[in-house]
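The residues making up each chain are set out below.
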Amino acid sequence: MSTGSSDQYPVYLGFWTNWSRGGSVMGATLTLTRQDSDLLVAFTAFFIAFIATRTWSIFRFAFHRHFSTSAPQTSAYHQRQAVLRNSSSPENSFAQLFQLLWASRSTKRRTRMVPAAVAATTAALLLISFTIAGSFSSRISSAVGDECYSQPKEMAGCSRFTMRRLPTTVDFNATCPFAEEICRKESSNILLDTGFLDTHEHFGLNAPPDKRVLLRKTLNCAPLKTKGYTKEKTLDFDNVTSYEYGNLPGLDFLFRANSLQYQYQRVLSEDLTLSQTNYEINVLNRTLDPSNSDFLPIKALFREDADACLYFLSGNGVVYGSPTSDEWCQTSPNPITDPTFGTEGPGTHQYYLPAEPAIPLGCIDQFQLCNTEFPGSSGCGPLGGLSDALAGATPFFNTTFSEFLAAVESGSAHTERLARLLYFATHFFAKLPASTMGVLNQLGPTALVSQRSLAGGYQGLLPSNQWQLDVNHIWDIYLAVQRAAHLDTAFHTAADSRQSSWQNFTSPALQKLCNSQKIRSTAYGSFSVFGLVFTFSIGLLIILTSYLLEPVPKCLYRKGYKQYAHLEWTTNGTLQLQRLVQEELNLATWSRCAEDIPVAGEDELLGCLNITDLEHPTLCAPKKENDQLPQAERPDDTSSTTAATDTAHATIPAENTSDPGSFTCESIHSTEIQSNEPPQSQPTDISTERLTTEGPEASMDHGPRFNKAKTKTLTFP
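In what follows, the accompanying structure is described. (Residues numbered from 1 in each chain as written. Predicted model: local features only at pLDDT ≥ 70, side-chain atom pairs only at ≥ 80, totals over all residues. Heavy atoms only, no water.)

On to the overall build of the chain, then. A tally of regular secondary structure across the chain gives 16 helices and 27 strands. Across the 717 residues of the chain, 44% fall into the buried class. Intrachain contacts of the chain at a sequence separation of at least 6 include 65% that bridge at least 24 residues. Only carbon and sulfur atoms are counted for the fraction: they give 55% of the accessible area of the chain, which is about 38100 Å². (Helix = DSSP H or I, 4+ residues; strand = E, 2+ residues; numbered from the N terminus. Buried < 20%, exposed > 50% of the residue type's maximum accessible area, 1.4 Å probe, protein only. Contact = heavy atoms within 4.5 Å. Areas by Shrake-Rupley, 256 points an atom, 1.4 Å probe, with all protein chains shown as cover.)

In structure tokens:
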């Protein structure tokens, strides 16, 4: 499958396995361009809505058949059955059933409305369920637009990462990482620990669970004492302070800082003008590899199981508006007062200087690498400095440290295990910060959180644990840099200024890893193949079932199975209900009366709407204007007045003279005609209509029609 070109990264289009979702079945994934993915999302949402309609058709058919009975029933029964038969969607059914329940909310009729309430509740639950399912379908393809840390603008673009933040455990009450006598405090230090980071889960390198690399990184820092570890020395231009925490090659000291008078000579002058001054940070690194170390530490700072860094913070002209007890930015308790001149007259201004020319912060870095092919922690190397961690992990990748270093130089690996270790550890040997030391070397004091309250060389109020907040922020930047390095290992542009630091992987195993890097992108959309197949398979099964519900009972009906339930379903249809009403008026000759669509005789006229009473419209038989009245209804025929007590008298509305062949409705009114015979008490029939499926009225050819269900009652004169 081709790769996309609408993103700076060459994204693979087609089917692949996303191991974050499980195995090859659950993890099967389809990646499309944004345009194609939007079309697929829209079609899926439409398909789910259609499935909802067909699912409701199954439920309403089942309800209609279950509630069907040939016994005489009230209007609540017939209205409910008509709603179930003719409402195709759950929302329409719920609305009509709810209106029916509301109209029949009287106490006497509540028990009769239980079936309608059950059907309405089912329609509502179905509507809610499929609405939620439809909303999930619209979220199949999503984009991440937030940043991963509160880092400077140089670290923007974290939305590319598969995980927004790397996990970290922070201990603000950690012990001293060195000998206790050299730390300012035995506790109240800081320890940051990532735990085991998974190359797949945290760095986005797609791989099955047994083909991954785990990395653990820790950082433990503490401000160092200066008393007993410094010496004052006078040079030609200034008095300097030497810090003796070890030796630089060829020197008897580790670091020298200019005196406060030299750093603040402009501030202490009478013509004070605050400028854009900033702190100065000097970084010194010590590893177990002498060729990669800046100094040899004293015994109190020596750790055999870690790499060490010293950070010397100098004020460099920055003044403090208020005193602070922070161990790394500690100020002198005595303020400096300068005169000021304002609109309200002369005054004074106080500010504070650092307590020392430079204050050191000591940190140790530790690493640990594991191969997930081994159970638990049995495939992990030691927790130590970078070189020791890599050397200790190489046996678990079926190689040696010397072979690993040779692979780093050549950019090739002859085994899959070595390729995994090499690919993951390459960025440690690139020209990128492999520790927090690299962050401060590149960003300097701008990596400190205290910069947010620094303006024009004037430092605002700082909390007592400001140094811990600064270290935590530097750590966050470091983690973001490491993830960016993994992403750039897979792909970088030719114009990248860091191109000289990248390895050109040539072996197939390394090329496969390059093509396995996952990113987030708004230019593409990825879909679960299992989810799509499951959705469309179940949906098609529901659709097929819904369309087979009527043909199958129809075949069984002709064999005598539940004939009444089937015919009630058929005749409750809109067109069949029309046929039943028209046929009761003896209008037209009908065929296909047991089918979904009945057919009237050719050119036969049906009843029309009588709106004489606007609150009670009825159907009436049409009457041709050029037809003559029957003999029994002529005004001069008096024989009809003595034929019975009650008779029907035809009244014709105003003639329609616009068309000689047009017709009007014939209104039938029941009138009482006086008789000379005295009234007699006799039974009166009160009837309700029900379908007749037996006898000559309901033959297999003609279909069902309404019959009177009679009960006898007594009336009094």
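When you line up the elements, Lys217 lands in strand 5 (residues 213-223). Of note is the side chain of Lys217, whose polar atom sits 2.6 Å from the side chain of Asp365. (Polar contact = N/O pair within 3.5 Å; in protein donor to acceptor, adjacent residues only side chain to side chain.)

Moving on, we get to the sheet that holds strand 1 (residues 14-17). Pairing is antiparallel in the open sheet, where three strands are placed in the order 1-2-19. The sheet is open, and its two borders are formed by strand 1 and strand 19 (524-528), each paired with just one other strand. Neighbour-to-neighbour, the strand axes of the sheet open up by a mean angle of 30 degrees, direction not taken into account. In the sheet, strand 2 (residues 28-33) pairs with strand 19 via five bridges, with the strands oriented antiparallel. If you follow Thr31 over to strand 19, its bridge partner there is Ser526. With respect to the sheet, helix 1 (residues 34-67) is in contact with strand 2 and strand 19, its orientation differing from that of strand 2 by roughly 115 degrees. Helix-sheet contacts for helix 13 (residues 529-548) involve strand 1, strand 2 and strand 19, and the interaxial angle to strand 19 is about 60 degrees. (Pairing = 2+ DSSP bridges. Axes fitted to C-alpha atoms, helices over the stretch in contact; angles between N-to-C directions.)

This paragraph deals with unusual backbone geometry. Phi angles above zero are rare outside glycine, and Lys562 is one such case at about 45 degrees. Examined against the element boundaries, Lys562 turns out to sit in the loop between helix 14 (551-557) and helix 15 (563-571). Classification of Lys562 as partly exposed rests on a relative accessible area of 45%.

Next up on the list: the pairing of strand 9 (residues 255-258). Residues Phe255 and Ala257 point to one face of strand 9 and are all buried, whereas Arg256 and Asn258, pointing to the other face, are not buried. Relative to strand 9, strand 7 (residues 239-243) runs antiparallel, the two being bridged by four bridges. Bridged to Tyr243 within strand 9 is Phe255.

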